[in-house]
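Structure assessment
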Amino acid sequence: MAKSVKKVDKTSHLMLHRTGRKDVHKGIDVIVKGEGVRVFDQDGNSYIDLEAGGTRPVHVGYGRKELAQAGYDQMCQMAYFTPMGFANVPAVKLADRLAEITPAGIERFIFECDGSEAVETAMKLAKHYHYYRGDQGRFKIVSRRGAYHGVNGIGVRALGIVMPMRQLMEPLAPGSAFIESPYCYRCPHNLSYPACDMACARELSRIIEFEGPEQISMFIGEPIQQGFGAYKPPAEYWPLIREICDQYGILLVIDEVICGFGRTGRMFATEHFDVQPDIMTMAKGLTSGYVPLGAVGCSDQVLEPIEVLNHLHTYGNHPVACAVGLRNLEILETENLVENSEKMGRYFLDGLKTLEHHPSVGEVRGTGLWLAIDFTINKKSRASFPLENLMSIISRAKQKGILVKTMGMALEFAPPLIIKKEEIDEAVLVLDACITEEEKAMGLSK
Ligand SMILES: Cc1ncc(COP(=O)(O)O)c(C=O)c1O
């Protein structure tokens, strides 16, 4: 391993994203290499990456020379040209390919640099749709508390973004309205499914009536939500949301930034439900993180009234990113990685369920290779689990060669879709040991 690489500390000129000053003072690891599902740090330590790059994009795993080659070839052929008034070959092909694999009705695509930009563009697109139809008063957006849709512009100031990231950006954008998220394990309405009659979805009608139906542009949500740890709502949730949106002429935006491209065992998580979005946002698994790329897809019905989408940025429809995206989709297909996500997801879920005997393991859940263990200090009351103990489990796991992270009160798992049984077995063993150690330290078990 490269000996010259050392940890990043306060002497470094590099600023890190969402990393505490105290952690920087202790020294931040530099990841110098990736291979399959493993990454290596500056000291040569190897980790199984159960978060596919930490932010979960690396679907095809590390070290894919095919993707490097696709980028290289496109750079040599034609590295860049404006997306305004001109097209390029990889963007045309990638849009065609996405039209084939996205849910029925999603037909037209525009490419951005990441998920946050895709969400911003989706909001703009919805506004354009209403505007050109003469419905110019529709500017409000409804999203869900506890959701996350990115860090830019209106997104961070209008959508149900997690609190620490939102606080400094407040006040919220005018026209931001929220409903609760579907999270049956700790229902925000204090109800139980199915007796709840889907109160979390029905709340959408109430907020629309309160805000004024003629002022609302769109509703946005992830089909399976990261907020509380890979939460899949009951089957009725999305059809009901669709019905309410239709009733009031509101566009339904489904955010597939994490879920898309096989993460949940289907190409898109929307496919788990009987629902058709008007607009869909995508990123992450689109290029497996090898280059930045986000996308927005919409139906012909949404695009048809729009004379011109008043939107342009330099790196829109970027040919190199689209070429890498195309090659990445080929890999997903030829290596059956969506099927592998389904199969290995079930295997991983079974493995995690063997940990349910632990007093702190409240709920184990997962769809495809997006899974979570929701922790509690009391299985009966489902009382909160302290964040510091979750963080301690994470650092124990890191010491034993496994990278995981928290989401809400859960540990979340989203490994590369190429993961094998042996790697899952190793991860479950390590997690078992770490939970045992932490429970002992907390006095939850002997
Ligand atoms: C559902 C969802 N939407 C949007 C975003 C923003 O994507 P990015 O980080 O690529 O800007 C994220 C990021 O995690 C996300 O999870």
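Refer to the structure above for everything that follows.
Residues numbered from 1 in each chain as written. Predicted model: local features only at pLDDT ≥ 70, side-chain atom pairs only at ≥ 80, totals over all residues. Heavy atoms only, no water.

Our focus in this paragraph is the overall build of the protein chain. Scanning the protein chain from terminus to terminus reveals 13 helices and 15 strands. Taking 2.2 N^0.38 as the reference for a compact globule, 446 residues should give roughly 22 Å; the C-alpha atoms of the protein chain span a radius of gyration of 22 Å, in line with that estimate. Taking the principal axes of the C-alpha coordinates as reference, the protein chain spans close to 65 × 60 × 45 Å. In the protein chain, which comprises 446 residues, the proportion classed as buried is 53%. Taking all contacts inside the protein chain whose residues are at least 6 apart in sequence as the whole, residues at least 24 apart take part in 72%. Positive and negative side-chain charges in the protein chain, numbering 49 and 56 respectively, have mean positions lying 6 Å apart. (Helix = DSSP H or I, 4+ residues; strand = E, 2+ residues; numbered from the N terminus. Rg over C-alpha atoms; globule rule 2.2 N^0.38 Å. Buried < 20%, exposed > 50% of the residue type's maximum accessible area, 1.4 Å probe, protein only. Contact = heavy atoms within 4.5 Å. Lys, Arg positive; Asp, Glu negative; His and termini not counted. Charge placed at Lys NZ, Arg CZ, Asp CG, Glu CD.)

Another point: the packing of aromatic side chains. Under the defined criterion, the tally for this structure stands at 10 aromatic pairs. When the centroid spacing of 5.0 Å and the interplanar angle of 65 degrees are considered together, the rings of F261 and F268 count as edge-to-face. Exposure remark for F261: the relative accessible area of 0% places this residue in the buried category. Classification of F268 by relative accessible area gives buried; the value is 0%. Ring centres of F348 and F413 lie 5.5 Å apart, and the angle between their planes is 50 degrees; on these two criteria the pair is classed as tilted. With F348 in helix α11 (residues 337-353) and F413 in strand β15 (residues 410-413), this pair connects stretches of sequence that are 65 residues apart. (Phe/Tyr/Trp six-rings, centres within 6.5 Å; stacked < 30°, edge-to-face > 60°.)

As a further point, take the nonpolar core. L98, F111, L204, F219, F261, L352 and F413 are the most contacted members of the largest nonpolar core, which has 91 residues in total. Here this core spans two domains, since at least three of its residues come from each of domain 1 (21-60 + 336-442) and domain 2 (66-334). In this view, L352 contacts V364, L371, I373, F413, V428 and L431; residues no more than four positions away in its chain are not counted. The next biggest cluster of nonpolar side chains, apart from the first, holds 17 residues, and it includes A122, M123, I220 and V253. (Core = buried A, V, L, I, M, F, W, Y, C linked by side-chain atoms within 4.5 Å. Domains from an automatic or database assignment.)

This next bit is on the pattern of salt bridges. Tallied over the entire structure, the rule returns 27 salt bridges. Its salt-bridge partner being D29, residue K398 comes within 2.4 Å of it at the nearest N-O pair. With K398 in helix α12 (residues 387-399) and D29 in the loop between α1 (21-26) and β1 (31-35), this pair connects stretches of sequence that are 369 residues apart. Given a relative accessible area of 22%, D29 falls into the partly exposed group. Where R97 meets E100, a salt bridge forms, and the shortest distance between an N and an O atom there is 2.6 Å. Residue R97 and its partner E100 are located together in helix α3 (residues 89-101), separated by three residues, close to a single helical turn. By relative accessible area, which is 23% here, R97 ends up partly exposed. By relative accessible area, E100 is classed as exposed at 57%. Each of R186, E363, R365 and D374 takes part in one network of salt bridges that share partners. (Salt bridge = Lys/Arg side-chain N within 4 Å of Asp/Glu carboxyl O.)

Within the element layout of this structure, A383 appears in the loop between β12 (370-375) and α12. Taking relative accessible area as the criterion, A383 reaches 25% and is therefore assigned partly exposed. In the structure, A383 is positioned 21 residues away from G362 in sequence and 9.3 Å away in space, judged by C-alpha atoms. Residues in contact with A383, not counting those within four places in the same chain, are R186, F375, T376, I377 and N378.

Another point: the packing of helix α7 (residues 199-211) against helix α8 (residues 237-248). Packing of α7 against α8 brings their axes to within 8 Å, and their N-to-C directions diverge by 15 degrees. The pairing of α7 with α8 is recorded here as roughly parallel in orientation. In the packing of α7 onto α8, the handedness of the crossing is right-handed. Contact residues: C200, A201, R202, L204, S205, I208 and E209 in α7; Y237, L240, I241, I244, C245 and Y248 in α8. Residue composition of the contact of α7 with α8, grouped by class: 10 nonpolar, one polar and two charged. (Axes fitted to C-alpha atoms, helices over the stretch in contact; angles between N-to-C directions. Parallel < 35°, antiparallel > 145°, perpendicular 65-115°, else oblique. Left-handed = near helix turned anticlockwise from the far one by under 90°. Nonpolar A, V, L, I, M, F, W, Y, C, P; charged D, E, K, R; others polar.)

Surveying the vicinity of the ligand reveals the residues D114, G115, S116, Y148, H149, G150, E222, Q226, D255, V257, I258 and K284. Residue S116 places a side-chain N or O atom 2.5 Å away from an oxygen atom belonging to the ligand. Each residue belonging to the shell around the ligand can be placed in one class, and the counts come to three nonpolar, five polar and four charged. (Near = heavy atom within 4 Å. Polar contact = N/O pair within 3.5 Å; in protein donor to acceptor, adjacent residues only side chain to side chain.)

A word on the side chain of N340. With respect to the helices and strands, N340 occurs in helix α11. A polar contact of 3.4 Å, which involves the side chain of N340, links it to the backbone oxygen of I419. Sequence-distant contacts of N340, defined by excluding residues within four places in its chain, comprise G345, L369, L417, I418 and I419.

Let us now look at the sheet that holds strand β4 (residues 108-112). Hydrogen bonds along the backbone pair up the strands of a sheet, which may run parallel or antiparallel. The strand order across the open sheet built from seven strands is β4-β10-β9-β8-β7-β5-β6, with neighbouring strands paired in mixed fashion. Either end of the sheet is taken by a strand with one partner, and the two such strands are β4 and β6 (176-179). Each adjacent strand pair in this sheet contributes to an overall mean axis angle of 20 degrees, direction not counted. Bridge analysis of strand β9 (residues 279-282) against strand β10 (residues 294-298) gives four bridges, and the strand direction is antiparallel. Its bridge partner being in β10, M282 is matched across the sheet by A295. (Pairing = 2+ DSSP bridges.)

With that settled, consider empty space enclosed by the protein. All told, the structure shown has one cavity of 30 Å³ or more when counted by the stated rule. Estimated volume of the largest cavity: approximately 100 Å³. Surrounding the largest cavity, 14 residues form its lining, C184, C187, L191, C196 and C200 being those nearest its centre. Class assignment for the residues of the lining of the largest cavity results in 12 nonpolar, two polar and no charged. (1 Å grid on protein atoms, 1.4 Å probe; cavity = no way out; pocket = protein on both sides within 12 Å on 5 of 7 lines; lining within 4 Å. Points joined across faces, edges and corners; volume = space filled by probe spheres on them.)

None of this, on its own, says anything about what the molecule does.
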